[in-house]
Every structure is written in structure tokens, then in C-alpha cells.
Amino acid sequence: MSEQHRWLKSSRSQNGSACVEVSADLRLVRDSKDPAGPVLRVDVPAFTEAVKRGRFDRR
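Per chain, residue numbering runs from 1 following the sequence as it is written. Confidence filtering applies because this is a predicted model: local features only for residues at pLDDT of at least 70, side-chain atom pairs given and counted only at 80 or more, and all residues used for totals across whole chains, interfaces and linings. To get the side-chain values, take all heavy atoms of the structure and skip hydrogens and water.

K.L.:
Where do I start with the overall build of the chain in this structure?
P.N.:
If you tally the helices and strands in the chain, you get one helix and four strands. Helix numbering and strand numbering both begin at the N terminus, where a helix is a DSSP run of H or I of at least 4 residues and a strand a DSSP run of E of at least 2. Helices and strands in the chain line up, N terminus first, as β-β-β-β-α. In the form shown here, the chain has an accessible surface area of approximately 5000 Å², with 49% of it arising from carbon and sulfur atoms. For accessible areas, the Shrake-Rupley method is used with a probe of radius 1.4 Å. Any residue's cover is judged against the shown protein chains and nothing else.

K.L.:
Please clarify how the pattern of salt bridges should be interpreted in this entry.
P.N.:
Oppositely charged side chains can pair when the atoms bearing their charge come close. Take a side-chain nitrogen of Lys or Arg and a carboxyl oxygen of Asp or Glu: if they are within 4 Å of each other, that pair is a salt bridge. Within this structure, the stated rule accounts for four salt bridges. Between E21 and R30 there is a salt bridge whose closest N-O contact spans 2.6 Å. In this scheme, a residue with accessible area under 20% of its type's maximum is buried, one over 50% is exposed, and one in between is partly exposed, where area comes from a 1.4 Å probe on protein chains only. The exposure class of E21 is buried, given its relative accessible area of 10%. A salt bridge links D31 to K33; the shortest N-O distance between them is 3.2 Å. Given a relative accessible area of 52%, K33 falls into the exposed group.

K.L.:
Looking at this model, I keep getting lost on a nonpolar patch on the surface. Mind explaining?
P.N.:
Patch criteria: residues need more than 30% relative accessible area and no salt bridge. Like-charged residues are merged within 9 Å; nonpolar side chains of Val, Leu, Ile, Met, Phe, Trp and Tyr are merged within 5 Å. A cluster of nonpolar residues, F47, V51 and F56, forms a patch on the protein surface that exposes about 290 Å² of accessible area. Within the element layout of this structure, F56 appears in the segment after α1 (44-52).

K.L.:
Is there a simple way to explain the packing of aromatic side chains in this structure?
P.N.:
A ring pair, where both rings are aromatic, is described by two values, the distance of the centres and the angle of the planes. Ring geometry is summarised as follows: Phe, Tyr and Trp rings, the Trp one being its six-membered ring, pair when their centres sit within 6.5 Å, and such pairs are stacked at plane angles under 30 degrees, edge-to-face over 60 and tilted between the two. For the structure on display, the rule yields one aromatic pair. Between the aromatic rings of F47 and F56, the centroid separation amounts to 5.5 Å while the plane-to-plane angle is 40 degrees, which identifies the pairing as tilted. Residue classification places F47 among the partly exposed residues on the basis of a relative accessible area of 43%.

K.L.:
It is not clear to me how the side chain of S32 should be interpreted in this structure. Could you clarify?
P.N.:
Following the sequence through the fold, S32 ends up in the loop between β3 (28-31) and β4 (39-41). Pairing of N or O atoms within 3.5 Å defines a polar contact, subject to two protein rules: one partner must be a possible hydrogen donor and the other a possible acceptor, and residues neighboring in sequence count only if both atoms are side-chain atoms. One polar contact links the side chain of S32 to the main-chain carbonyl oxygen of C19, over a distance of 2.9 Å.

K.L.:
Explanation requested: unusual backbone geometry in the structure shown.
P.N.:
Excluding glycine, residues mostly carry a negative phi; peptide bonds, for their part, are mostly trans. Of note in the backbone geometry, L26 takes a positive phi value of approximately 60 degrees without being a glycine. Turning to its location among the elements, L26 is positioned in the loop between β2 (20-23) and β3. For L26, a relative accessible area of 37% gives the class partly exposed.

Geometric values such as these leave the question of function open.
Here it is as C-alpha cells:
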């Protein structure tokens, strides 16, 4: 991906933790341990709302 983005990581993230980063414009997600790796395009606000509502909970 040739575009430049500003990435945000959770303040709860610690060195070596399994964590994701989200782009400042809330359109992209990536693995914080592999910043040059793949990027997932996602509607972050809608995804966050789905998580809060339990959409991905295992039953």
C-alpha cells in the first residue's frame, strides 16, 4: 500500500503484546507487530459497534 497513514495503538498495549493498530481516519487495521504486512480495510466504527453488541461472540 503506497498511501501514508498515521497509525494509532491502544494505550493499554505493551511491548511485545498481541495488538492491532487503527489508522487515524478509522478505515484501516493492521497488526502492530508487522507494520509492513497486510492491512485490512474496514469500517472501524461499525466493526466496533458490532463487537460491543456481541456479533462475534462464540456461542
